[in-house]
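# Report on the structure
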Number of protein chains: 2
Amino acid sequence: MEKELVFGHQNPDTDAIGTAIAFSYLQNKLGYNTEAVALGEPNDETAYALKKFGFEAPRVIKTASNEVDGVMLVDHNEPQQSVSDIDKVKVTHVVDHHRIMNFNTADPLYYRAEPKGCTSTIVWKMFNENEVEIPKNIAGLMLSAIISDTLLLKSPTSTEEDKEAIEALAKIADVDYKEYGLTMLKAGTNIADKSEEDLIDLDAKSFELNGNNVRVAQINVVDLPEAMERKEAFLKAMETASKENNYDMFMFLITNILDSDSEALVVGSDENKAIFEKAFDKKLNDSEVKLPGVVSRKKQVVPPLTDAFEG
Amino acid sequence: MEKELVFGHQNPDTDAIGTAIAFSYLQNKLGYNTEAVALGEPNDETAYALKKFGFEAPRVIKTASNEVDGVMLVDHNEPQQSVSDIDKVKVTHVVDHHRIMNFNTADPLYYRAEPKGCTSTIVWKMFNENEVEIPKNIAGLMLSAIISDTLLLKSPTSTEEDKEAIEALAKIADVDYKEYGLTMLKAGTNIADKSEEDLIDLDAKSFELNGNNVRVAQINVVDLPEAMERKEAFLKAMETASKENNYDMFMFLITNILDSDSEALVVGSDENKAIFEKAFDKKLNDSEVKLPGVVSRKKQVVPPLTDAFEG
């Protein structure tokens, strides 16, 4: 069987990296020949989870077509979030929990999407459907991915199946998921030793919304006022990044994982800022707005932005 | 639970109609509230299968948004093959076995695609995964769909799982699938009492290939020379349909289901005919070409056409 690469999106998070490792393991058990790789280095939270369950960080690739003809995507499908030469390889499998956008193929493929809180929840179901046993360390990694994406089941993206998966995987991994989960999430909130340029790119995704290149970045913190002290420097970094990358709008969501509230900073033209205000029915105050209860880019940010840009 | 409609593509075949009925049944068992409908009347083959297993033809709809907010698609995803107001409803589920093209959503959804011979094979797996018993008449319909799409497992789109599904479903439906299958396929080959206009629209799909509106129609026969006697009338009907619907190319595939060979008729500009010739590496002779062994539009026609139009 010809080798294929398995990877998550750019600026990888624990779902992108953890689920790539888990899905690659599953596919190899089913007879494929795959290697899990990543489109970037693990963030602090992911590094914590990898270390906890005894994994090395996956090899980072810049392009895929120099090594393989076929790839399998996890946790994303939009081409601009994928490997730079995605148009030069054949996507044979996708497992994802996002909207589908600008994803076109010449041939039929395996595509499995469900509106669950985390891709690992879907992969957990696939392990069960295929009656493949989940090793203890893989279970730990999938557990970490679900905790990360659902903010320990507090995100509105969480579903009953995410909870079932967390409980089943915690049992296999032999950890207290609440205690481990909070420690892991906190490991990802250390922003003090990172530059503003790094922080606005740590967990950032680009979306094409009605012809506009919209960047939405998010960081998790445990102290919002402390993060907002760096507001001017964040805005400056966002302005620079927008110029360099032709973003039409840049939204930076700073989420307090303890109380599930966010503040957003927004950079862009007056016209696009007005679209933002329409999307959330809130006025920006000096490029800033409080978004109480908003923690999910996918469920609470991208759909209203999509509607507003298309409206 | 709010009602949703389940349907297959325009110009429905036995997979589109049979799988809509089967998937609607499964989803209702899983707690959804759905009705299987169709985007057109059943063809002769499908009508034979429906009658054999005691079903009425599903209600034909022209639009969906006047009755429901959400829909579930089977056996297609491309908007131009779907209901006319597909952009006005939310697609919540897709089960399909085709390439993905121009299918975009604002929200995450359930999407299940596998490169199998028939959508019913995937739905058969979903019944098993969800441990829902398949009623005898539904099994018969799914069996009919798989026989239709795989030409009794002779199409190159057939997979090992299609065979497993056929055998399992034939057991539940209590029929000899080879004997029933040939009778059912032959029921769909009666072209004598149909006009050329009807025949070129019976099983026809539109594809957007690099900005070109390409129509590919197919009929099954048991006597190719008899069908080719109507060549001039077919070409005239294809020319008229192309003008009325702005098709950039119209390809009509006439397939002998007994020996798995086809002849194709092609209408279009000289430039597009040249692209067609490049796609199949064959010269058209008076708008006609023999395509031995070609029986699958999805696997043997659309991919080479896509490559040729893009290349």
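Residues numbered from 1 in each chain as written. Chains lettered and ligands numbered in written order. Predicted model: local features only at pLDDT ≥ 70, side-chain atom pairs only at ≥ 80, totals over all residues. Heavy atoms only, no water.

In the annotation of an unreviewed UniProt entry, chain A is listed under the name Probable manganese-dependent inorganic pyrophosphatase and assigned to Lactobacillus kalixensis DSM 16043. According to its UniProt record, chain A has this under Catalytic activity (unreviewed entry): "diphosphate + H2O = 2 phosphate + H(+)". (UniProt positions renumbered as here; feature names shortened; annotations may be inferred.)

### Things to note about the overall build of chain A
Broken down by element type, chain A carries eleven helices and ten strands. In summary, chain A has a C-alpha radius of gyration of 19 Å against a globular reference of 19 Å for 311 residues, a match within 12%. Each of the 311 residues in chain A was classed as buried or not, and the buried ones make up 61%. Pairs at least 24 residues apart make up 66% of the contacts formed inside chain A by residues separated by at least 6 positions. Side-chain charges of chain A comprise 33 positive and 55 negative groups, with the mean position of each set lying 2 Å from the other. (Helix = DSSP H or I, 4+ residues; strand = E, 2+ residues; numbered from the N terminus. Rg over C-alpha atoms; globule rule 2.2 N^0.38 Å. Buried < 20%, exposed > 50% of the residue type's maximum accessible area, 1.4 Å probe, protein only. Contact = heavy atoms within 4.5 Å. Lys, Arg positive; Asp, Glu negative; His and termini not counted. Charge placed at Lys NZ, Arg CZ, Asp CG, Glu CD.)

### Details of the sheet that holds strand β9 (residues 261-268) of chain B
Residues and elements named next belong to chain B. Spatial ordering of the open sheet is given by β6-β7-β8-β9-β10, a layout of five strands whose pairing is mixed. At either margin of the open sheet sits one strand with a lone partner, and together these are β6 (204-209) and β10 (288-291). Mean inter-strand twist for the sheet, computed between neighbouring axes without regard to direction, equals 25°. When β9 meets β10, the two strands line up antiparallel, connected through four bridges. Across the sheet, the residue bridging to Ala264 is Val289, located in β10. Sitting on the sheet, helix α9 (residues 231-245) is in contact with β7 (212-221), β8 (249-256), β9 and β10, with an inclination near 45° to β9. (Pairing = 2+ DSSP bridges. Axes fitted to C-alpha atoms, helices over the stretch in contact; angles between N-to-C directions.)

### Some details on the packing of helix α10 (residues 270-280) of chain A against helix α11 (residues 297-310) of chain A
Residues and elements named next belong to chain A. Between α10 and α11, the shortest axis-to-axis distance is 8 Å and the interhelical angle comes to 120°. Viewed along their axes, α10 and α11 adopt a mutual orientation that is oblique. With respect to the hand of their crossing, α10 and α11 are arranged in right-handed fashion. The segment α10 lies against α11, with Asn272, Ile275, Phe276, Lys278, Ala279 and Phe280 engaging Gln300, Val301, Pro304, Leu305, Ala308 and Phe309. (Parallel < 35°, antiparallel > 145°, perpendicular 65-115°, else oblique. Left-handed = near helix turned anticlockwise from the far one by under 90°.)

### Thoughts on the domain arrangement of chain A
Residues and elements named next belong to chain A. Domain annotation for chain A reports domain 1 (4-187) and domain 2 (196-310). Each of domain 1 and domain 2 was reduced to a C-alpha centroid, and the two centroids are 25 Å apart. With 21 residues of domain 1 in contact, the opposing surface of domain 2 contributes 23 residues. Interface area lost by domain 1 to domain 2 is led by Asn11, Arg99 and Leu151, which between them contribute 29%. In this structure, the connection of domain 1 to domain 2 is made through zero salt bridges. At the junction of domain 1 and domain 2, the tally comes to nine residue pairs in polar contact (both at pLDDT 80 or more). Residue classes in the side of domain 1 that touches domain 2 are distributed as four nonpolar, eleven polar and six charged. (Domains from an automatic or database assignment. Buried area = accessible area lost by both parts, 1.4 Å probe. Salt bridge = Lys/Arg side-chain N within 4 Å of Asp/Glu carboxyl O. Polar contact = N/O pair within 3.5 Å; in protein donor to acceptor, adjacent residues only side chain to side chain. Nonpolar A, V, L, I, M, F, W, Y, C, P; charged D, E, K, R; others polar.)

### Focus on unusual backbone geometry
Unusually for a residue other than glycine, Leu151 of chain A sits at a positive phi of about 45°. Residue position: Leu151 of chain A is located in the loop between α4 (136-150) and α5 (160-173).

### Let's talk about the side chain of Glu114 of chain B
Looking at the element boundaries, Glu114 of chain B is found in the loop between β5 (110-113) and α3 (119-129). A distance of 2.8 Å separates a polar atom in the side chain of Glu114 of chain B from a polar atom in the side chain of Lys125 of chain B. Apart from the residues within four sequence positions on either side, Glu114 of chain B is in contact with Leu109 and Tyr110 of chain A together with Asp96, His97, Ile122, Lys125 and Glu161 of chain B.

### Quick notes on the relation of the copies chain A and chain B
Take chain A, turn it by 180°, move it 0.0 Å along the axis, and it overlays chain B with an RMSD of 0.0 Å. The two molecules are tied by a two-fold rotation axis, judged by turn and shift. Nearest to the rotation axis, the C-alpha of Arg112 of chain A is located 2.4 Å from it, this being the minimum over chain A. Take the interface residues of chain A: 100% of them recur as interface residues in chain B, which is what a same-surface contact looks like. (Least-squares fit on C-alpha atoms with pLDDT ≥ 70 in both.)

### A closer look at the pairing of β7 of chain B
Residues and elements named next belong to chain B. Judged by how many residues are buried, β7 sits mostly within the fold: nine of ten residues are covered. As judged from the six bridges shared by β6 and β7, these two strands associate in the antiparallel manner. Residue pairing for β7: Lys205 is matched across the bridge by Val216. The turn linking β6 back onto β7 is made up of two residues, and Asn210 within it adopts a positive phi angle of 50°.

### Structural notes on a nonpolar patch on the surface
Residue and element names in this part refer to chain A. Together, Leu182, Val222 and Leu258 make up a nonpolar patch on the protein surface, roughly 210 Å² of accessible area in all. With respect to the helices and strands, Leu258 occurs in the loop between β8 (249-256) and β9 (261-268). On the accessibility criterion, Leu258 (42% relative accessible area) is partly exposed. (Patch = residues over 30% accessible without salt bridge, like charges linked within 9 Å, V, L, I, M, F, W, Y side chains within 5 Å. Areas by Shrake-Rupley, 256 points an atom, 1.4 Å probe, with all protein chains shown as cover.)

### What about the pairing of β5 of chain B?
When strand β5 (residues 110-113) of chain A meets β5 of chain B, the two strands line up antiparallel, connected through three bridges. Within β5 of chain B, the position partnered with Ala113 of chain A by the bridge is Tyr111 of chain B.

### Some thoughts on helix α6 (residues 177-187) of chain B
Residue and element names in this part refer to chain B. Looking at α6, one finds that the buried residues are Tyr177, Tyr180, Gly181, Met184 and Leu185. Each buried residue of α6 lies within a common arc of 130° when the element is viewed along its axis, so the set occupies one face. Facing away from the buried side of α6 by over 90 degrees, the exposed positions are Lys178 and Glu179. Close packing links the buried residues of α6 with α2 (44-52), α4 (136-150) and α5 (160-173). One side-chain oxygen of the residue at the start of α6 lies 3.1 Å from the amide nitrogen of Lys178, identifying that residue as Asp176. (Arc of directions from axis to C-beta.)

### Topic: the interface of chain A and chain B
Contacts between the two partners involve 24 residues from chain A, matched on the other side by 24 residues from chain B. Summed over both partners, the interface of chain A with chain B buries about 2200 Å², with 59% contributed by carbon and sulfur atoms. For the chain A face of the interface with chain B, the top three residues by lost area are Ile100, Pro108 and Tyr110 of chain A, together amounting to 25%. The interface formed by chain A and chain B includes eight residue pairs in polar contact (both at pLDDT 80 or more). Contributions of two or more residues to the side of chain A that touches chain B are made by β5 and α11 of chain A. At four residues, β5 of chain A tops the list of elements feeding residues into the side of chain A that touches chain B.

### Observations concerning the packing of helix α3 (residues 119-129) of chain A against α5 of chain A
All names here are of chain A. Packing of α3 against α5 leaves a shortest axis separation of 9 Å and a crossing angle of 65°. In this view, α3 runs roughly perpendicular relative to α5, as classed from their interaxial angle. Crossing of α3 against α5: the hand is left-handed. The residues of α5 that touch α3, namely those facing Thr121, Trp124 and Lys125, are Glu161, Asp162, Glu164, Ala165, Ala168 and Leu169. Taken together, the residues of the contact of α3 with α5 break down into four nonpolar, one polar and four charged.

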